[in-house]
Amino acid sequence: MLTYGDRIRELRKKKINDTLLKREQNGYTDLDDFGTVPLPAGYRVEPWYNSKNGSFYGYDGMSENFCRVMDAHPPYVDPLEMLCGRWRDMLVNYRGDVHYMPKWRQKQLSIKELEASGVTAQWSKRWDEIRFPYDELKPLQKKYNITTGIDGDAHFACDYSIGLSLGFGGFLEKINKYRAVNPDKKDFYDAEEKCVKAIIRFIDRHTDEIKRQLETEKRPEIKENLEQMLAANTAVRLKKPETFRQACQWVAYFNCASRVYTRDGAGFQLDTLLLPYYENDVKNGILDDETAKFLIANLLLIDPHYYQVSGVDKNDNDLTNHLSYLVLEAADMINISANLTVRVHENCDREFLKRSVYYLLKNKNGWPRFCCDKTLTEGYMRNGISKEIARKRIAVGCNWMCVPGKEFPMNDTVKINIAKVLEQALSDMKDSGERSTQRLFELFTDHLIAAIEVTAKGINLHLDHQWEVTPELIMNLMMENTLEKGLDISQCAELYTIGVDGAGLAVAADSFGALEARVENEGLLSWDEVYENLENNFEGINGERVRLILNSAPKYCGGNTVSDKWAKRLTDVWVEKVKAQAMPGKRQLIPGWFSWSRTIEYGSVVGATPNGRKKGEPISHGANPNPHFRVDGAVTAQSSGIAAVQCGYGNTAPLQLEFDPQLALDKKGVDIITRLILGHFAEGGTLININILDTDKLMAANKDPDLYPDLVVRVTGFTAYFASLSPEFRQLVVNRFLTNM
């Protein structure tokens, strides 16, 4: 008889095999694992285009193509699992831009289609530039290498309690109710209804597949499981879920649909929202802890959405409960790519925190990560938000938080390359009458203001027209006031706290620090020598000597260095200018430091910089220091340095750590990491992503990733299989690796 342990082992093997098959189909992907499974042979979708640029937009375009992709998805029923359903494909693969497409999709296109979808096409494909052009913004957007947020999607969080209280049938009833109230919004309601019915058809195909498997299944324990799976599917087709299993199955189906639609990955407070179902089932004698853990493990296997556990309510009460522990044990049971966040606060259950650290050390797979309630809540309240609402803001993305159901923050879609801003300031100062770090900072500030202004214009364009381009038809179902008013969430959110991230802090801070130290204070180099070598990319007779002089200057996160002081000064001006930017209505900009996985992309357009970085090399990662910033006490030094550059308004400047602590899996080892986490948060930190890595294993996997196909790393805010990453991104993880505590 198969035990849960037997089934988990087989599921993990299949997961690793699927990961390698997906790499063959997709090529290298420097993205989240997503929980997808390989495409079946013969899979094909014929998209419907409603724009002459070869893409689709609006209520009709998005709903029609969502239905086509969902209807093309075959059912996924593994009799070893308790839940069913998987997603494989997403709408963006058909929007037209070839550089967004996986390898399998490119192979499906004809030569003519490939040429039409190339990056040199007249119009963007994700954004409808025919109707909503922004040519006047592009020169400055390019000048400062801005990720504009225009065409961004799904970077907010649903309120899953809405969906769990209604079910898919309840969505249809609500749509019909408010269609009658708002007859002028017929197109909106028709599109929403069309999408919900596509999800129900998706469930029906799974129900049919379960019935088919039941006809031939001989193993009694698996046959019983399929019968229970059938009952759960039948229940959640139209009705709201009533049991723990039904709730998990309902969430799995919704997550598949939202992923297909706009790659949404924002989950919910896993341990509190599912707690009533757990407690009721236990009370009724239909659920035990081992089964609950297996169900949660299955949910994490289906999709590594960003889930939060633990936390604190508006009255400062700890939310940790028995299910919180079961979530950790379930994640440990399946031990795959996961995006669990533990919320740490003053009254948190210390034993739960230490248990979280124990699993981080035990599995060395980059989970969980940790966020700080105090700095995030108090910071978010500075935007005029109440404590009650601020406490509801949960960690549901790479670097970002969101208030479920209420907030439309566009987080992690808008970024300004600070290294590029510095490059423009250096260019302006070259031929000016005054050359000094003070003058450079003044010019940097002027360019920063211009970059923020054009960024704000792009954000406003996006918010004004998103409903006409990419309305959030799936996530609208679980947002406040959307179905009630017949409006897309981009039009009717209660909160518009728009995240704007700066990228390349360490490059800029180390550049200012090197110039002050080596040129102004020590006189080792002249400004002319610096400019000559920047233009020559540190090549020529003295190039390497000059580069080493600059590169050896005290660096950011070195410990109260000249570059640490510049990092703080750059943070202060960044925060000041972002918050000073005027926005219409309820919209306001919220500063943070984060690069996502764009360090290579951003660095490719920046010339040589005064910190000794050569032209085209990657910029620094997020708020992290540049690699090799110092060799002794690196972890604690990095922790203190990043704590000092928090932006203070509720968005993060994450501490990203990769190191081999060589600690035993015992109380002492757990205590050391726990103190590191609490120490960083006590200094003002917001979010910690930690890769506990084995040095030899990491280096071997970098040479041949297939040696360790199960190795998971936290690339940035997300976890991914190391074997799926491109060689360039694998090297970035290695470059960030620290060897000392």
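Cut-offs and rules
Residues numbered from 1 in each chain as written. Predicted model: local features only at pLDDT ≥ 70, side-chain atom pairs only at ≥ 80, totals over all residues. Heavy atoms only, no water. Helix = DSSP H or I, 4+ residues; strand = E, 2+ residues; numbered from the N terminus. Rg over C-alpha atoms; globule rule 2.2 N^0.38 Å. Buried < 20%, exposed > 50% of the residue type's maximum accessible area, 1.4 Å probe, protein only. Areas by Shrake-Rupley, 256 points an atom, 1.4 Å probe, with all protein chains shown as cover. Contact = heavy atoms within 4.5 Å. Pairing = 2+ DSSP bridges. Right-handed = clockwise from strand over helix to strand, strands pointing away. Disulfide = S-S within 2.5 Å. Axes fitted to C-alpha atoms, helices over the stretch in contact; angles between N-to-C directions. Core = buried A, V, L, I, M, F, W, Y, C linked by side-chain atoms within 4.5 Å. Phe/Tyr/Trp six-rings, centres within 6.5 Å; stacked < 30°, edge-to-face > 60°. Lys NZ or Arg CZ within 6 Å of the ring centre and 35° of its normal.

A. Spatial organisation of the overall build of the chain. On a plain count of helices and strands, the chain comes out with 29 helices and 14 strands. Since a compact globule built from 741 residues should have a radius of gyration of about 27 Å, the 26 Å found for the chain is in line with a globular shape. For the chain, the residues scored as buried account for 65% of the 741 residues in total. When the accessible surface of the chain is totalled, it reaches about 26,300 Å², and 50% of it is carbon and sulfur.

B. Looking closely at the side chain of Thr 19. Inspection of the secondary structure puts Thr 19 in helix α1 (residues 4-26). Beyond its immediate chain neighbours, meaning those up to four positions away, Thr 19 contacts Asp 33, Tyr 721 and Ser 724.

C. Local environment of unusual backbone geometry. For the peptide bond that leads from Trp 367 to Pro 368, omega is -5°, which places it in the cis range. With respect to the helices and strands, the residue Pro 368 is situated in the loop between α14 (350-363) and β5 (369-372). One non-glycine residue, Phe 538, adopts positive backbone phi at about 60°. Considering the arrangement of structural elements, one finds Phe 538 in the loop between α22 (527-535) and α23 (543-551). A relative accessible area of 2% places Phe 538 in the buried class.

D. A look at the pairing of strand β4 (residues 339-344). The buried count for β4 comes to 6 of 6 residues, which makes it a mostly enclosed element. Of the two faces of β4, both are covered, the one formed by Asn 339, Thr 341 and Arg 343 as well as the one formed by Leu 340, Val 342 and Val 344. Here 5 bridges tie strand β3 (residues 306-310) to β4, and the two strands are oriented parallel to one another. Paired with Tyr 306 across the two strands is Asn 339, which belongs to β4. As a crossover connection, the stretch from β3 through helix α13 (residues 322-334) into β4 is right-handed. Pairing of β4 with β5, which is carried by 4 bridges, proceeds in the parallel orientation. Bridge pairing in β5 places Thr 341 opposite Arg 369.

E. Seen up close, the state of the cysteines. For the structure on display, the rule yields 0 disulfides. Cysteine Cys 256 is unpaired, with the sulfur of Cys 84 as its nearest cysteine sulfur at 9.0 Å. On the basis of relative accessible area, Cys 256 is assigned to the buried category, the value being 2%. Here Cys 371 stays free of any disulfide, with the sulfur of Cys 372 as its closest cysteine sulfur at 7.7 Å. The class of Cys 371 is buried, set by a relative accessible area of 0%.

F. Main features of the sheet that holds strand β8 (residues 415-417). Strand order in the open sheet formed by 4 strands is β1-β8-β9-β10, with mixed pairing between adjacent strands. The two strands at the open ends of the sheet, each matched to only one other strand, are β1 (146-147) and β10 (587-593). Both β1 and β8 contribute to a ladder of 2 bridges, which runs antiparallel. Within β8, the position partnered with Thr 147 by the bridge is Lys 415. Across the sheet, helix α24 (residues 562-580) touches β8, β9 (496-503) and β10, and the angle it forms with β10 is around 165°.

G. Highlighting the nonpolar core. Membership of the largest hydrophobic core comes to 233 residues, with the highest contact counts inside it found for Phe 66, Phe 168, Phe 244, Phe 444, Tyr 556 and Trp 574. Ignoring sequence-local partners within four residues, the contact set of Trp 574 consists of Ile 416, Ile 418, Leu 448, Ile 452, Val 500, Asp 501, Gly 502, Pro 591, Gly 592, Trp 593 and Cys 647.

H. Structural detail: the environment of Leu 20. Following the sequence through the fold, Leu 20 ends up in helix α1. Using a relative accessible area of 23% as the deciding quantity, one classes Leu 20 as partly exposed. Residues Leu 20 and Pro 554, spaced 534 residues apart in sequence, show a C-alpha to C-alpha distance of 43 Å. What Leu 20 contacts, discounting residues up to four positions off in sequence, is Asp 706, Pro 709 and Ala 723.

I. Broad picture of the packing of aromatic side chains. This model, assessed by the stated rule, comprises 28 aromatic pairs. Taken together, a centroid distance of 6.1 Å and an interplanar angle of 80° make the contact between Tyr 43 and Trp 104 edge-to-face. Here Trp 104 lies in helix α3 (residues 103-108) and Tyr 43 lies in the loop between α1 and α2 (58-72), a separation of 61 residues in the sequence. With a relative accessible area of 10%, Trp 104 lands in the buried category. Judged by centre distance (6.2 Å) and plane angle (70°), the ring pair of Phe 244 and Tyr 278 falls under edge-to-face. Of this pair, Phe 244 sits in helix α9 (residues 244-262) while Tyr 278 sits in helix α11 (residues 275-283), placing them 34 residues apart in sequence. The same class applies to Phe 244 as to Tyr 278, namely buried. Among the aromatic residues, ring-to-ring pairing joins Tyr 160, Phe 168, Phe 171, Trp 250, Phe 254, Phe 268 and Tyr 307 into one connected group. One Lys or Arg, Arg 95, reaches over the ring of Phe 56 and ends 5.1 Å from the middle of that ring. The ring of Tyr 649 is capped by Arg 382, whose NZ or CZ atom sits 4.1 Å from the centre of that ring.

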